[in-house]
Amino acid sequence: MIQDRRIALVLRVIFAVLTLMGLFSYIGVFQGTFRPSLLMYYTIQSNILALGLFLGLAVRTAWGIRQSGVKGSAGYAPRFELVCTIDLLLTLVVFWVMLAPSMFTMGDPSGLATYENYQVHLLTPLFCLIDWVLFAPSRTLRFRNLFLIYIFPYCYVIFTSIAGLMGYEYRYGENSVATHYPYFFFDYDLVGWYALLYIAALSAFFFIIGCLFYLFDRKFKKPRLFAGPDRR
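The structure displayed is predicted, hence computed values, not measured ones.

Secondary structure assignment for the protein yields 7 helices and 0 strands. The linear arrangement of helices and strands in the protein, starting from the amino end, is α-α-α-α-α-α-α. In terms of C-alpha radius of gyration, the protein reaches 19 Å, essentially the compact-globule figure of 17 Å for 232 residues. For the C-alpha atoms alone, the extent of the protein along its principal axes is close to 60 × 40 × 30 Å. For the protein, restricting intrachain contacts to residue pairs at least 6 apart in sequence, the fraction spanning at least 24 positions comes to 77%. Here the protein contributes 19 positively and 12 negatively charged side chains, and the mean placements of these two sets differ by 21 Å.

Overall, the coordinates contain 3 salt bridges when judged by the stated rule. A salt bridge links Asp-4 to Lys-71, with the shortest nitrogen-to-oxygen separation between them at 3.3 Å. Pair noted here: Asp-4 is in the segment before α1 (5–26) and Lys-71 is in the loop between α2 (42–68) and α3 (78–105), with a separation of 67 residues, a long-range link. Given the relative accessible area of 4%, Asp-4 is considered buried.

Taken together, the side chains of Val-13, Val-17, Leu-20, Met-21, Phe-24, Val-29, Phe-30, Phe-34, Leu-39, Ile-48 and Tyr-115 define a hydrophobic patch exposed on the protein surface, amounting to about 900 Å² of accessible area. Ranked by the residues each element gives to the nonpolar patch, the list is headed by α1, at 5 residues. Take Val-13: it is sitting in helix α1.

Another aspect to go through is the side chain of Thr-19. Mapping Thr-19 onto the fold places it in helix α1. On the basis of relative accessibility, which here comes to 0%, the residue Thr-19 falls in the buried class. Ignoring anything within four residues of it in the chain, the contact list for Thr-19 reads Asn-47, Leu-51, Phe-54, Gln-119, Thr-124 and Phe-127.

This brings us to the nonpolar core. Counting residues in each nonpolar core, the largest one holds 54 residues, and the members touching the most others are Phe-54, Ile-86, Val-94, Tyr-183, Phe-185, Phe-186 and Phe-213. Considering each element in turn, this core owes the most residues, 12 residues, to α3.

Here we come to the side chain of Thr-160. Residue placement: Thr-160 occurs in helix α5 (residues 151–165). A distance of 2.8 Å separates a polar atom in the side chain of Thr-160 from the backbone oxygen of Tyr-156. At 3.3 Å, the side chain of Thr-160 and the backbone oxygen of Val-157 are in polar contact. Beyond its immediate sequence surroundings of up to four residues, Thr-160 is in contact with Met-40, Tyr-170, Tyr-181, Pro-182 and Phe-186.

Right, let's talk about the packing of α2 against α5 for a bit. Two numbers describe how α2 lies on α5: the axes approach to 11 Å, and their chain directions differ by 140°. Comparing their axes, α5 and α2 come out oblique. Like other packed secondary-structure pairs, α2 and α5 cross with a definite hand, here right-handed. Along its contact with α2, which presents Tyr-42, Gln-45, Ser-46 and Leu-49, the element α5 presents Phe-152, Pro-153, Tyr-156 and Phe-159. When the residues that make up the contact of α2 with α5 are grouped by side-chain class, the tally is 6 nonpolar, 2 polar and no charged.

A contiguous patch of positive charge on the surface is contributed by Arg-79, Arg-139, Arg-142, Arg-144, Arg-218, Lys-219, Lys-221 and Arg-224. Structurally, Arg-224 is set in the segment after α7 (194–219).

Turning our attention to the packing of aromatic side chains. Counted by the stated rule, this structure contains 27 aromatic pairs. A centroid spacing of 5.9 Å and a plane angle of 75° characterise the contact between Tyr-150 and Phe-206, whose relative ring orientation is edge-to-face. Here the residue Tyr-150 occupies a position in the loop between α4 (115–135) and α5, and Phe-206 occupies one in helix α7, the gap between them amounting to 56 residues. Phe-206 matches Tyr-150 in its accessibility class, with the two residues each being buried. By way of ring pairs, the aromatic residues Tyr-41, Tyr-42, Phe-152, Tyr-156, Tyr-168, Tyr-170, Tyr-183, Phe-184, Phe-185, Phe-186 and Tyr-198 are connected into one cluster. Over the ring of Trp-132 we find Lys-222; its NZ or CZ atom is 4.2 Å from the centre of that ring.

A few words on the environment of Phe-185. With respect to the helices, strands and loops of the structure, Phe-185 is situated in the loop between α5 and α6 (188–191). For the pair Phe-185 and Leu-126, spaced 59 residues apart in sequence, the C-alpha separation works out to 24 Å. Excluding anything up to four places from it in sequence, Phe-185 contacts Val-94, Met-98, Leu-99, Val-191, Ala-195, Tyr-198 and Leu-202.

Each value, and the rule that gives it
- Residues numbered from 1 in each chain as written.
- Predicted model: local features only at pLDDT ≥ 70, side-chain atom pairs only at ≥ 80, totals over all residues.
- Heavy atoms only, no water.
- Helix = DSSP H or I, 4+ residues; strand = E, 2+ residues; numbered from the N terminus.
- Rg over C-alpha atoms; globule rule 2.2 N^0.38 Å.
- Contact = heavy atoms within 4.5 Å.
- Lys, Arg positive; Asp, Glu negative; His and termini not counted.
- Charge placed at Lys NZ, Arg CZ, Asp CG, Glu CD.
- Salt bridge = Lys/Arg side-chain N within 4 Å of Asp/Glu carboxyl O.
- Buried < 20%, exposed > 50% of the residue type's maximum accessible area, 1.4 Å probe, protein only.
- Patch = residues over 30% accessible without salt bridge, like charges linked within 9 Å, V, L, I, M, F, W, Y side chains within 5 Å.
- Areas by Shrake-Rupley, 256 points an atom, 1.4 Å probe, with all protein chains shown as cover.
- Core = buried A, V, L, I, M, F, W, Y, C linked by side-chain atoms within 4.5 Å.
- Polar contact = N/O pair within 3.5 Å; in protein donor to acceptor, adjacent residues only side chain to side chain.
- Axes fitted to C-alpha atoms, helices over the stretch in contact; angles between N-to-C directions.
- Parallel < 35°, antiparallel > 145°, perpendicular 65-115°, else oblique.
- Left-handed = near helix turned anticlockwise from the far one by under 90°.
- Nonpolar A, V, L, I, M, F, W, Y, C, P; charged D, E, K, R; others polar.
- Phe/Tyr/Trp six-rings, centres within 6.5 Å; stacked < 30°, edge-to-face > 60°.
- Lys NZ or Arg CZ within 6 Å of the ring centre and 35° of its normal.

Structural data, given as structure tokens:
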């Protein structure tokens, strides 16, 4: 665990800037083709969650430097950070395991090898993981905290399901067929009640990931790096 708040502040500012750039690029702000409909996707909403996390941690780290000096723990709200990290890892796993292969089979892999795709689906989730590994203190997680990881994804499923039932339409491209649900695995029009099986399977996998984090947190004590007397 790095105990130099200057390193934490620099990394968190970098993570926040890159996450914001990835979001803007993905939704078309930099290209002048802003598509607000993309805000309905879990990828974008989870990346906004990550952006809020990095900004909040950066501000709290700066305040910690001002109040307590540059040396010391920069692990603020570690349980909330872990919940956000696991929610972002869902973005990484679902895209690269379930969605990316379908883009290859449909003969449309062009959207994979782009900066914005790597940023929102790979780098931002890894940034969350890196921050938690480097700065969060050990042995702070309680087993009951694992159930908090479901709040954000389940709220998203409920929200988009209601939008789909109300007739909201998604399009994956200008010439694509409109659908009422953003992802095939809970597209009730396409797979019916099998969507519940997909959601249950993802929930179980999600819980396994959470248990692995819990075991790591309880069994492995992170070494203290760059710790020392305050030299403000």
